[in-house]
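# What the coordinates show
Chain by chain, the residues run as shown.
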Amino acid sequence: MISLLGWIVFILAVITIVRTVRILELVSILGGDKEEVTDGDNKFNAWMMMIFLFVCLGGMTYFTLDAKKYLLPVAASKHGVITDNLMNINFLLIIFVFFVTQILLFYFAFRYKYKKGEKAYFYPVNHKLEFIWTIIPTIVLGAMIFYGLKVWNGITAPAPKNAMIIEVYGKQFDWTARYAGGDNVLGKSNFKLITDENPLGVDRNDPASADDKITRELHLPVNTPILFLFHSRDVIHSAYFPHLRAQMNCVPGMTTQFFVEPTITTDSMRLITKNPKFDYVLICNKICGVAHYNMKMGMVIEPAIDFMRWYKDQPLVFPPAAPAVPAAAGDSAKAVASK
Amino acid sequence: MTLWLVSMVLFIGSALLGGINYVVTVLNLRTKGMSMTRLPLTVWAFTITAILGILSFPVLFAAALLLLFDRSFGTSFYLSDIYINGAPLHYSGGSPILFQHLFWFLGHPEVYIVLLPALGLASEIISTQSRKPIFGYKAMIGSMLVIAFLSFVVWGHHMFITGMNPFLGSVFVFTTLLVAIPSAVKVFNYLATLWKANIVYSPAILFAIGLVSFFISGGLTGIILGDSALDINVHDTYFVVAHFHIVMGSSAIFGMFAGIYHWFPRMFGRMMNRKLGYLHFWLTILSVYGTFFPMHFIGLAGVPRRYYANTAYEGFSGIININSLISVFAILGAFAQLIFVINFFYSMYRGKKAVQNPWKSNTLEWTAPVEHVHGNWPGEIPTVYRWPYDYGKPGAEDDFIPQTVPYSQTKSSNLEGEE
């Protein structure tokens, strides 16, 4: 019923517009319009240009100031502070250019509307002007490229030798972390070794795997260099740590990496954001299937002491063989046998 | 999926044939007097677009072919080390990143395949309706050629965080940010054309001005995305969605609307209703900015694109306010398009009859009669004597001189060297 009413309203709306057009058309013919575009049209659109400029820039400024509260909090990693600075400088530059060019565009559109009997200023070329507005963007962009690449080279430089190695393993639709343990070397892994008990396909025969630990939550000690190595089991995922300003794709058949040094603990960030429920998170940022939006892992950044306490309780990839048969179970087994 | 690949192959084949047709026509079938530097910028833009298509589509063809091999004939170009549905797959040694390289080698020029024709249409319309020559005609051609060239060496900026070698990333940062230079030249030339103009507000020039506005807004955020260090944190977020829907989506669509309003009388011999055109324009530009501008902030809040729900992470709950605002503008924008559709079909049959040259334009198509005849012109095809932008020339009787008027008839307005 409602959809029927909807269709009726829709059809009536279309008919109304068509009839309005017809009336406008007849009025214009009766009014004896010679020109395709009348003085009234030019005046209307020129003024609209001015109004739109103010409404648009005003609205955007208001919105920007208001939307600040939704943005990510301060970067929680060493390199994040540097990229945030670069971002701010870039924004200052583009906001300046945005205002200048948009104001000129809409102001010219307002100012130079058609006047009968007048001619536009015949001004087809000026090489000097063209040279100036080619060379200035070139210099400014040259500086931005230089600055940007300096930051990029810093971020992607080889990680320090003592960086703690953590594997982040993506699969549809969850994350697993593997810590390299005391030797700081991850045991080899192979997708052909994957079983239900060994979800990452870690090689049991590699001695380096003996002290590896697998966790379902990511804990990072603060102010410690950390080298993430990324793997994927099935499709491309992207490990995105918005608060650390870090992101790297996880590609099947490839090892990718990202070096970070977290600087703000979860507790400090809760104070900074004034949100006692704040938590860091690792999310998937490359569409990987139906539960993509839900593929996330909790992350805690904490002082080294708290980290060690947590780490001690995490299970090894290959837990040492359990004592043969627990006593109680042994008794009931005997009871079954004697019957 | 396999059928889709086959259809892609057919599509690429037809795109190639179409592109060759454009290039050959422009190079070989120009009328007498129509030198390359007398071509309207629209035709230049279409030609460059066709060349881009011819050069880039074969790479997509190769990518699709290899994918077909992987799917049907057991090769491993793109896949390796995969464990899925409880069992390992046999693929070994391939790389999904190879597919991304091949795809974006087409994918990036494709952006300009979409945008350049719109820029060409806008150049023509802005000059005609401003009653003023386009500023820097040769610089406009040059910047289009430079953009076209650069479009082939920037594809890696879609792949900064795929694990590609960081040095390669640096090279792509460099080439990508260079695109801003010819783009800036184009914007300044448009501004210089509008300066001291005599603007006749047909719906077409409104859309062309809207295009320039979007080209600026979206182009500027490209400077951030093209910088690999900044891309790390906004890659695949709503910031990207905002950027390309403004610079490529809305710009190109506005160029298309401008073209339709401008050449409608040429196509159907009738005028579109201009009042509805104005309404369509103002509602659309408002809703485009209203829809896409707020998305920058969602992206800066770290919200990924391609999530169908933002409920899984508590930190994203705040942006529901912004999303509601976006929805309101998006719905408004959709309704505005209804006005255009009605106007289009209504005018096709019942619009006001058009005169031969309603916009007082210089280019050749307006010298053909309103009635469609085979070969466009009855009798001989016209000869061209001058460039297409002699608008508002001092000393001339009218504020336009069509390309078919020889210099000998316009002694009073000829500049030095024009005879």
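Another aspect to go through is the domain arrangement of chain A. Split into domains, chain A comes out as domain 1 (38-114) and domain 2 (164-312). Among the residues forming the side of domain 1 of chain A that touches domain 2 of chain A, the class breakdown is 5 nonpolar, 4 polar and 2 charged.

Further remarks concern the packing of helix α2 (residues 41-72) of chain B against helix α3 (residues 96-130) of chain B. In helix packing, the relevant descriptors are the interaxial angle and the interaxial distance, both defined with respect to the helix axes. All names here are of chain B. At a closest axis distance of 8 Å, the pairing of α2 and α3 adopts a crossing angle of 165°. As summarised for this structure, α2 and α3 are arranged roughly antiparallel, according to the angle between their axes. The hand of the α2/α3 crossing is left-handed. Classifying every residue of the contact of α2 with α3 gives 24 nonpolar, 6 polar and 2 charged.

Our next topic: the confidence of the model for chain B. Interpretation of this model should avoid reading the predicted coordinates in detail wherever pLDDT is low. This prediction gives chain B a mean pLDDT of 93; 100% of its residues lie at or above 70. For this predicted complex, the interface confidence score (ipTM) comes to 0.95, while the overall pTM stands at 0.93.

Attention now moves to the packing of helix α9 (residues 238-268) of chain B against helix α10 (residues 274-300) of chain B. All names here are of chain B. Between α9 and α10, the shortest axis-to-axis distance is 7 Å and the interhelical angle comes to 165°. Viewed along their axes, α9 and α10 adopt a mutual orientation that is roughly antiparallel. Relative to α10, the crossing made by α9 is left-handed. On the side of α9, the interface is formed by Tyr-238, Phe-239, Val-240, Val-241, Ala-242, His-245, Ile-246, Ser-250 and Tyr-261, while α10 contributes Gly-277, Val-288, Phe-292, Met-295, His-296, Ile-298, Gly-299 and Leu-300. A breakdown of the residues in the contact of α9 with α10 according to their chemical character gives 12 nonpolar, 5 polar and no charged.

Turning next to the interface of chain B and chain A. Listed as interface residues are 97 residues of chain B and, on the opposing side, 87 residues of chain A. Class assignment of the residues belonging to the side of chain B that touches chain A gives a composition of 63 nonpolar, 21 polar and 13 charged.

A few words now on α3 of chain B. Residues and elements named next belong to chain B. Along its 35 residues, α3 runs 50 Å from first to last C-alpha, staying within 8% of the 51 Å computed at 1.5 Å per residue. Maximum bend of α3: about 30°, positioned at Trp-104. Where burial is concerned, most of α3 is hidden: 26 out of the 35 residues are buried. Positive backbone phi, approximately 55°, marks Arg-131, located one or two places after α3.

Further remarks concern the sheet that holds strand β4 (residues 218-221) of chain A. Backbone-to-backbone hydrogen bonds join strands into a sheet, with any given pair of strands oriented parallel or antiparallel. Residue and element names in this part refer to chain A. Taken in spatial order, the 5 strands of this open sheet run β4-β10-β9-β6-β7, and their pairing is mixed. Both edges of this open sheet fall to β4 and β7 (246-250), since each of them pairs with a single strand only. Strand-to-strand twist across the sheet, computed as the mean angle between neighbouring axes with direction ignored, equals 20°. Across the sheet, helix α6 (residues 304-312) touches β4 and β10 (296-302), and the angle it forms with β4 is around 140°.

Reading the values: rules and limits
Residues numbered from 1 in each chain as written. Chains lettered and ligands numbered in written order. Predicted model: local features only at pLDDT ≥ 70, side-chain atom pairs only at ≥ 80, totals over all residues. Domains from an automatic or database assignment. Nonpolar A, V, L, I, M, F, W, Y, C, P; charged D, E, K, R; others polar. Axes fitted to C-alpha atoms, helices over the stretch in contact; angles between N-to-C directions. Helix = DSSP H or I, 4+ residues; strand = E, 2+ residues; numbered from the N terminus. Parallel < 35°, antiparallel > 145°, perpendicular 65-115°, else oblique. Left-handed = near helix turned anticlockwise from the far one by under 90°. pLDDT = per-residue confidence, 0-100. Contact = placed C-beta atoms within 7 Å. Expected span 1.5 Å × (residues − 1). Bend = angle between axes of the 7 residues up to and from the residue. Buried ≥ 20, exposed ≤ 12 C-beta atoms within 10 Å, placed from the backbone. Pairing = 2+ DSSP bridges.

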